[in-house]
Amino acid sequence: MIETTAGGYLARVDPERVDLHRFRRLCVRARDSTDPEHAARLWGEALDCWRGDPFSGTGSENLHYTLGLPLLEEKWAAVAAWAEACFELGRYRDIVTRLTPLVRQDPLRESLHLPLIASLYRDGQRATALATFSEIQRTLADQLGIDPSRELMELHQRILRDTEPDGPPRRRPGARTRRPDGDPHGAGPGGPAAADRSTDPSVPPEETGGEAASFLPRNDLPRDIPDFTGRDADLERVLAIGATGGEQAEVCVITGPGGAGKTTLAIHAGHRLAERFPDGGLFVDLYGHTVDQEPISALSALGRLLRAVGVAPEAMPDTVAERAALWRAAIAGRRVLLLLDNARSFAQISPLLPASPGSLTVITSRHELSGLSGAHHVSLGMLDSGASVSLLGAVLGQERTAREPQAVRAVARLCGGLPLALRIVAGRMLTRPRWTFAHVEQRLGEQHRRFQELRTDGQSVEAIFELSYQSLTDPQRDAFLRLGLMIGGSIDLYGAAALLDVDLPGADDLLQELVSVCLLEEQGVDIYRFHDLIGAYARQQALKHLPAEDVDVIRHRAGDHYLHTAQRAAEWLGSRGHDYEVDPTTTSRYRADLSNWSEAIAWFDVNRENLAAVVDYYAGQGNGKQAWQLAHSLWRFYAVHGQTELWLSTHERALEASRADRDDMGSAVTLIGLGIAHCLSGRFEFALSLLSEARSIFARLGDRTGEIRAIANLAMVYERMGRFRDALAALDEVLEHAVAIGDRELEKRQRSNIAAIDQALGRFEEARKHCEAVLALRISDHPDDCHAAALRILGEINAQSGDLTTALEQLHGALAVFRDLGDQSGETYTRNNIGVVLRELGRIDEAVQAHQTALELGRETAQRSAEAEVLNELAVTHARAGRYPQARSAHDSALRLARERHERYAEARALHGLAQLPAEVVDPDDAAMMLAAATKIFAELGVPETPGPASVRE
């Protein structure tokens, strides 16, 4: 019941229903109990009353410090008391299960580490017990500058001196021994058992009749980080290798660039595997790439290992071979985990490898170490965006990252998925709680200071890369610097040969050498890229060390390689439309072999982003002619593969450069490419203005071929706007020109375009004749987009004539050609037409799927000129199935888009479709007005009220 009091409101609740009251009552009963079993049960019930931290959701620091922390101290005291009771009962596994996560929450609480370490030891997990002690020892030293308590230190020494042949001793359940002062700790967390000195590791072996051991098991793995994130698949591979078991000595090599998290992964896996290696876990940093530290020799490393397992200094041999033999003998028959971190070479690690079956050696290195026979290799790449964001959240807290999801992703991208960079950023933000991710994004976005931002005490991304760079040979360094000048994000073998100015075998050798030291990534066969931050470092060093004139020559040579190859690749995709001589400033000696259409498409696909970067480079250098020539070679690939954004960006940059050079030819050619792109994006009025400007320039230049091309593309825009008569007039002019000059390719394309208009106007016989002429004008052995367009138009005609079987066959034939060509625009229209035929066949669900696939494809490629048409057909299909609300929604969307883009025919079809819907979906008065408006538009366009036309093609 809630009561009003002078100080506010008071809730009167039965104390038994309040967790805090129940907890305290159970604690009193547990302390009063003399039966350990009963006490342990009561302490457990008391702890079960806890759910999270008190007042954690209030946001009040006052509540946290005045009430929350004292309550938490009561909880920790109860945990320690529960552990003491369970220890007396010999329930070591229960203690380990409950305390392991709790010590992560409060790593400085020694009262919990004491029973945890003792229980791990008593449970047979001696290596983990030692590792846990090492962790608390390092934490106390790092954060407080102090050593562990005397009790913890003594427990550690007792575990280290263990001489029992069958493992650590276990206490009998229920056995109770007391310290001299009467405390019931016995051989548990606090001290040795007075009852049985023969099983106490603190007692020297000579006092118990034992024999001194020559091998001292130990676990000196470094601290495992509590927020290990993002390497789950790689971790599972390492754990699987470690779990293979006993028939041979296993070796796992973890490779990756500096800062990729190799050591973190190895240490984390080592802690997870520690129980499988009861004879110890040893860690040696070989300093292969360490600031101000030379790599240690195999002789020194063997000395460290031998001392670690108990070999006296006076017994240490002087040579590598003798030490290696003694090392192998010392661990013969034992299961040992050896972690060799930061290895430099095969020669450095080969003498250190154990030969004992059941042992595991994990090696981390920036080099591939391919000379290790039978080794397992785990290669670390960069973290993807999701894993990078998870890592930032694990360090900084999910609440902080959830507040700025977009900025968090941007920071992760600027760090390039490099774990070291991400941890440096997270570390700086931890000490600067007022910093937002947006602020960090701004700081990292400034190229000249990015590496400065990725630096903190003892850690620097730039220093990590510098060590790798300094380890290269002179030819490798020169190649690294030149590759830093690559244009775009990747480079193929031919491009690298041009950039490096060496022959192909020489380029291949240098590239593979850089891959082997993890400074370069091989994305695919003969395709290479830098990690983002390594690439930034390479560019920085190239501009610092290479003469400025050499930088210009190298980049021009790379750009001209792309220009030449793009021109040859474009010839396989179809007519260029304009004949001009490519005039690069320099010429590469090495040309990529492109012998067919598929190879040309594959080359364009691999280099699509790079080619856009080269256009931008040429424009920035004032080479306007090269910029527009390269942009013109790209448009057809970008068009058929839906790369509209790249298409627009390259042509806008090329147009800017052409106008700056007062190059009318370049401007006109580029205006046509831009006009086509804007038309396919649904911006028809803007496309008309661009194409009209191009036509005027060509007319002024007296270039009839260019003028005809502009007219042909104006026809495409007219058709999309529903101006069919204007489109036909333009196409007739182009067709007449094509026949006059004997250009069969141009004739074929215009006949397919005219067929599309005739079909829209209901002139089916004229359309059929043009399509048959297109199929007869076959110039090559392989069907092209005109052939596919003719098949599609024939399919539409047959569908409207009622021959649905033939229509479906022809449309599937067209779809196969468009897909083979990678023509996503043609595929979009054809899938929509297939949906129409399936609808007429009564296969409604398949029809809806075909329409929706067409819709998704158009949206994915950003070529949305067909979107209103597809939505109208989808609406008709829904209406045919009686799904009137869905039909209304699709028609409404089509109407909105058509009006935005001035597509009058699509607008009329949407209005007409809405007018046909039942009164419960569309008001009859509104339907009448819609029908009148649709009829008026159809009359103005001179078309029947039939399905939409096929698209006119450039």
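Bear in mind the structure is a predicted one, so any value in this text is a computation, not a measurement.

Procedures and definitions
- Residues numbered from 1 in each chain as written.
- Predicted model: local features only at pLDDT ≥ 70, side-chain atom pairs only at ≥ 80, totals over all residues.
- Heavy atoms only, no water.
- Helix = DSSP H or I, 4+ residues; strand = E, 2+ residues; numbered from the N terminus.
- Buried < 20%, exposed > 50% of the residue type's maximum accessible area, 1.4 Å probe, protein only.
- Contact = heavy atoms within 4.5 Å.
- Pairing = 2+ DSSP bridges.
- Core = buried A, V, L, I, M, F, W, Y, C linked by side-chain atoms within 4.5 Å.
- Expected span 1.5 Å × (residues − 1).
- Axes fitted to C-alpha atoms, helices over the stretch in contact; angles between N-to-C directions.
- Phe/Tyr/Trp six-rings, centres within 6.5 Å; stacked < 30°, edge-to-face > 60°.
- Lys NZ or Arg CZ within 6 Å of the ring centre and 35° of its normal.

1. Quick notes on the overall build of the protein chain
At step 1: Across its full length, the protein chain holds 42 helices and 12 strands.
At step 2: Buried residues in the protein chain amount to 55% of all 954 residues.
At step 3: Long-range pairs, those at least 24 residues apart, make up 67% of the contacts in the protein chain with a sequence separation of at least 6.

2. Digging into the pairing of strand β4 (residues 281-285)
Working note: regular strand, side chains alternate between the two faces of the sheet.
At step 1: Burial within β4 is extensive, with 4 of its 5 residues counted as buried.
At step 2: Here β4 pairs with strand β5 (residues 337-343) via 5 bridges, running parallel. Residue pairing for β5: Asp285 is matched across the bridge by Asp341.

3. Some words on unusual backbone geometry
At step 1: The backbone phi angle of Asp526 is positive, close to 60 degrees, even though this residue is not glycine.
At step 2: Within the fold, Asp526 resides in the loop between β11 (521-524) and β12 (527-529).
At step 3: Given the relative accessible area of 28%, Asp526 is considered partly exposed.
At step 4: Phi is positive for His902, which is not a glycine, with a value near 60 degrees.
At step 5: Structurally, His902 can be placed in the loop between α40 (884-901) and α41 (904-915).

4. Description of the nonpolar core
At step 1: Membership of the largest hydrophobic core comes to 164 residues, with the highest contact counts inside it found for Val461, Phe465, Phe480, Leu483, Phe604, Leu611 and Leu630.
At step 2: When residues in this core are grouped by element, the largest group, 11 residues, is from helix α26 (residues 597-620).
At step 3: Sequence-distant contacts of Leu630, defined by excluding residues within four places in its chain, comprise Tyr562, Leu563, Ala566, Gln567, Leu611, Val614, Val615 and Tyr618.
At step 4: If you look at the next biggest cluster of nonpolar residues, it comprises 45 residues, including Cys49, Val79, Cys86 and Tyr92.

5. As for the sheet that holds β12
At step 1: The strand order across the open sheet formed by 3 strands is β10-β12-β11, and the pairing between neighbours is antiparallel. At either end of the open sheet lies a strand with only one pairing partner, and these are β10 (491-492) and β11.

6. A word on helix α28 (residues 644-660)
A turn of α-helix holds 3.6 residues, and therefore any two residues three or four places apart point the same way.
At step 1: When the terminal C-alpha atoms of α28 are compared, their 24 Å separation across 17 residues agrees well with the 24 Å that a helix rising 1.5 Å per residue should span.
At step 2: Of all the residues in α28, the buried ones are Thr644, Leu646, Trp647, Leu648, Thr650, His651, Ala654, Leu655, Ala657 and Ser658.
At step 3: On its buried side, α28 packs onto α26, α27 (624-640) and α29 (664-680).

7. A word on the environment of Trp50
At step 1: Here Trp50 shows up in the loop between α2 (36-47) and α3 (61-88).
At step 2: As a C-alpha pair, Trp50 and Lys75 span 25 residues in sequence and 8.2 Å in three-dimensional space.
At step 3: Beyond its immediate chain neighbours, meaning those up to four positions away, Trp50 contacts Phe23, Leu71, Leu72 and Lys75.

8. Some words on the sheet that holds strand β3 (residues 250-255)
At step 1: One open sheet holds the 5 strands; their spatial order is β4-β5-β6-β3-β7, and the pairing between them is parallel. Of all the strands in the sheet, the pair left with one neighbour each is β4 and β7 (376-379). The sheet shows a mean angle of 15 degrees between the axes of neighbouring strands, taken without regard to direction.

9. Considering the packing of aromatic side chains
What describes a pair of aromatic rings is the distance from one ring centre to the other and the angle between the planes of the rings.
At step 1: Scanning the entire structure with this criterion turns up 14 aromatic pairs.
At step 2: Judged by centre distance (5.9 Å) and plane angle (45 degrees), the rings of Tyr617 and Tyr618 are tilted.
At step 3: Exposure remark for Tyr617: the relative accessible area of 8% places this residue in the buried category.
At step 4: Measuring from ring centre to ring centre gives 5.6 Å for Phe724 and Tyr905, while their planes differ by 70 degrees; the resulting arrangement is edge-to-face. Here Tyr905 lies in helix α41 and Phe724 lies in helix α32 (residues 724-741), a separation of 181 residues in the sequence.
At step 5: Cluster of aromatic residues (ring-pair linked, three or more members): Tyr562, Trp603, Phe604, Phe637 and Tyr638.
At step 6: Its end group placed over the ring of Trp76, Lys75 keeps NZ or CZ at 5.3 Å from the ring centre.
At step 7: Note that Arg432 overlies the ring of Trp435, its terminal NZ or CZ placed 5.0 Å from the centroid.

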